[in-house]
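Spelled out, the chains give:
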Amino acid sequence: MRQDGDVTDRDAIPLALASMRKQYRAEGLSEPELAATPFEQFARWFKQAATDGGLFEPNAMVVSTADAEGRPSSRTVLLKHFDERGFVFYTNYGSRKGRELDANPYVSLLFPWHPMARQVIVRGTARRTGRDETAAYFRTRPHGSQLGAWASAQSSVVGSRDELDAAYAGLAARYPEGEQVPVPPHWGGFRVVPRTVEFWQGRENRLHDRLCYTAAEDGGGWRVERLSP
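These lines cover the structure that appears in this document, whether it is placed above or below. Within every chain, residues take consecutive numbers counted from 1 along the sequence as written. For a predicted model such as this one, the threshold for reporting local features is a pLDDT of at least 70, and the threshold for listing and counting side-chain atom pairs is 80 or more; totals across whole chains, interfaces and linings nevertheless cover every residue. Calculation of side-chain values draws on the structure's entire complement of heavy atoms; hydrogens and water are dropped beforehand.

**What to know about the overall build of the chain**
Part 1 of the reasoning: Strands are runs of DSSP state E lasting at least two residues, helices are runs of H or I lasting at least four, and both sets are numbered from the N terminus onward. Of the regular secondary structure elements, the chain holds five helices and nine strands.
Part 2 of the reasoning: Sequence-ordered secondary structure for the chain, helices as α and strands as β, is α-β-β-β-β-α-β-β-α-α-α-β-β-β.
Part 3 of the reasoning: In terms of overall dimensions, the chain has a C-alpha envelope of 60 × 60 × 40 Å along the principal axes.
Part 4 of the reasoning: Evaluated residue by residue, the chain yields a buried proportion of 38% over its 229 residues.
Part 5 of the reasoning: Contacts between residues were defined by any pair of non-hydrogen atoms, one from each residue, lying within 4.5 Å. Taking as baseline every contact in the chain between residues at least 6 positions apart, the subset at least 24 positions apart corresponds to 63%.
Part 6 of the reasoning: A total of about 13,400 Å² of accessible surface is found on the chain, and carbon and sulfur atoms cover 52% of it.
Part 7 of the reasoning: The positive charge centre, built from 30 side chains, and the negative charge centre, built from 29, are 1 Å apart in the chain. Relative accessibility thresholds used throughout: buried, under 20% of the residue-type maximum; exposed, over 50%; partly exposed, between the two (1.4 Å probe, protein chains only). What sets the accessible areas is the Shrake-Rupley method with a 1.4 Å probe; for residues, cover comes only from the shown protein chains. The positive count covers Lys and Arg only, the negative count covers Asp and Glu only, and His and the chain ends enter neither. For the purpose of locating charges, the reference atoms are NZ of Lys, CZ of Arg, CG of Asp and CD of Glu.

**Considerations on the packing of helix α4 (residues 143–151) against helix α5 (residues 161–174)**
Part 1 of the reasoning: Taken N-terminus to C-terminus, the directions of α4 and α5 make an angle of 125°; their axes are 9 Å apart at the nearest point. Comparing their axes, α5 and α4 come out oblique. In terms of crossing hand, the pair formed by α4 and α5 is right-handed. Of α5, the residues touching α4 (which contributes G144, L147, G148, W150 and A151) are L164, A167, Y168, L171 and A172.
Part 2 of the reasoning: Nonpolar residues are Ala, Val, Leu, Ile, Met, Phe, Trp, Tyr, Cys and Pro. Charged residues are Asp, Glu, Lys and Arg, and all others, Gly as well, are polar. Taken together, the residues of the contact of α4 with α5 break down into eight nonpolar, two polar and no charged. Where helices are involved, their axes are fitted lines through C-alpha atoms of the stretch in contact, as for all axes, and angles between N-to-C directions lie from 0 to 180°. Angle categories: roughly parallel below 35 degrees, roughly antiparallel above 145, roughly perpendicular from 65 to 115, and oblique for all the rest. Take the far helix as your reference; a near helix turned counterclockwise from it by less than a right angle gives a left-handed crossing, and one turned clockwise gives a right-handed crossing.

**A look at the pairing of strand β8 (residues 209–215)**
Part 1 of the reasoning: The buried fraction of β8 is high, at six of seven residues.
Part 2 of the reasoning: Pairing between two strands requires that DSSP report at least two bridges joining them. Sheet topology note: the strand β7 (residues 187–201)/β8 ladder contains six bridges and is antiparallel. Within β8, the residue paired with Q201 across the bridge is D209.
Part 3 of the reasoning: Sheet topology places β8 next to strand β9 (residues 222–226); five bridges connect them, and they run antiparallel. Across the sheet, C212 pairs through a bridge with E225, a residue of β9.

**Quick word on unusual backbone geometry**
Part 1 of the reasoning: Look at A117: it is not a glycine, yet its phi comes out positive at around 55°.
Part 2 of the reasoning: Inspection of the secondary structure assignment puts A117 in the loop between β5 (106–113) and β6 (118–128).
Part 3 of the reasoning: Under the relative-accessibility criterion, A117 is labelled buried at 7%.
Part 4 of the reasoning: A positive phi is found at N205, a non-glycine position, where the angle reads about 60°.
Part 5 of the reasoning: Note that N205 resides in the loop between β7 and β8.

**Topic: the nonpolar core**
Part 1 of the reasoning: Residues enter a nonpolar core if they are buried and are Ala, Val, Leu, Ile, Met, Phe, Trp, Tyr or Cys, with the set joined through side-chain atoms within 4.5 Å. Residues L109, F111 and V120 are the most contacted members of the largest nonpolar core, which totals 30 residues.
Part 2 of the reasoning: Put simply, the parts of the chain that give this core at least two residues each are α1 (38–51), β1 (60–66), β4 (86–92), β5, β6, β7 and β8.
Part 3 of the reasoning: With residues near it in sequence (within four places) discarded, L109 still touches M61, V62, V63, F87, V120, I121, V122 and V192.

**With respect to the side chain of E198**
Part 1 of the reasoning: Its place among the elements puts E198 in strand β7.
Part 2 of the reasoning: The class for E198 is buried, based on a relative accessible area of 1%.
Part 3 of the reasoning: Under the rule applied, a polar contact is a pair of N or O atoms within 3.5 Å (in protein, one hydrogen donor and one hydrogen acceptor; residues adjacent in sequence only if both atoms are side-chain atoms). Of the polar contacts made by the side chain of E198, one reaches the side chain of R210; its length is 2.7 Å.
Part 4 of the reasoning: Residues within four places of E198 in sequence aside, it is in contact with Q119, V120, I121, R123, R210, L211, C212 and L227.

Following this line, the structure appears as structure tokens:
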């Protein structure tokens, strides 16, 4: 960068951002096509994303939280389970997202399935999973990931990469491959119970299809509304 703040030719952005756009396919999403519940509809789309979507990690989702003062933060995590009770992911409860969800349980999940010109947006509240459910999932993780859950005080400042690697090495010596690693008390799941689930399908001329399920106040089902693109 020059001292006057101008971008040099070497640092110049090679593409004009204002002209970067893709024309989405004409295939759309209509109300008669939808499943009775958002969970059934999500299962349909997720199966397509996992098998035909060309996605590296179809279960990757952006989790957005806010602290008690309403200041937001986002990060990508992996969905590990879903059913009619909600959408589950796991984390260190002392991480930024863990602390923020304890202070403010409202959360948004975004599945950015760009190769399919699709998005799913879930809005709801997060609740911790039970310890038995957490332990059952923890046992399915690779041995190295189990050690990593102990080695990293997620979101806290660490002095160096060497410090992190040394913590991991110490744990690897204490719990070698094949030996059971205890479930960290500071680590576990969150289940996001949805209030709304929006299914977004890209269409030509930016006239996208947006169909949103909203939970009835009395818990008696779901209302579907079409949103303007």
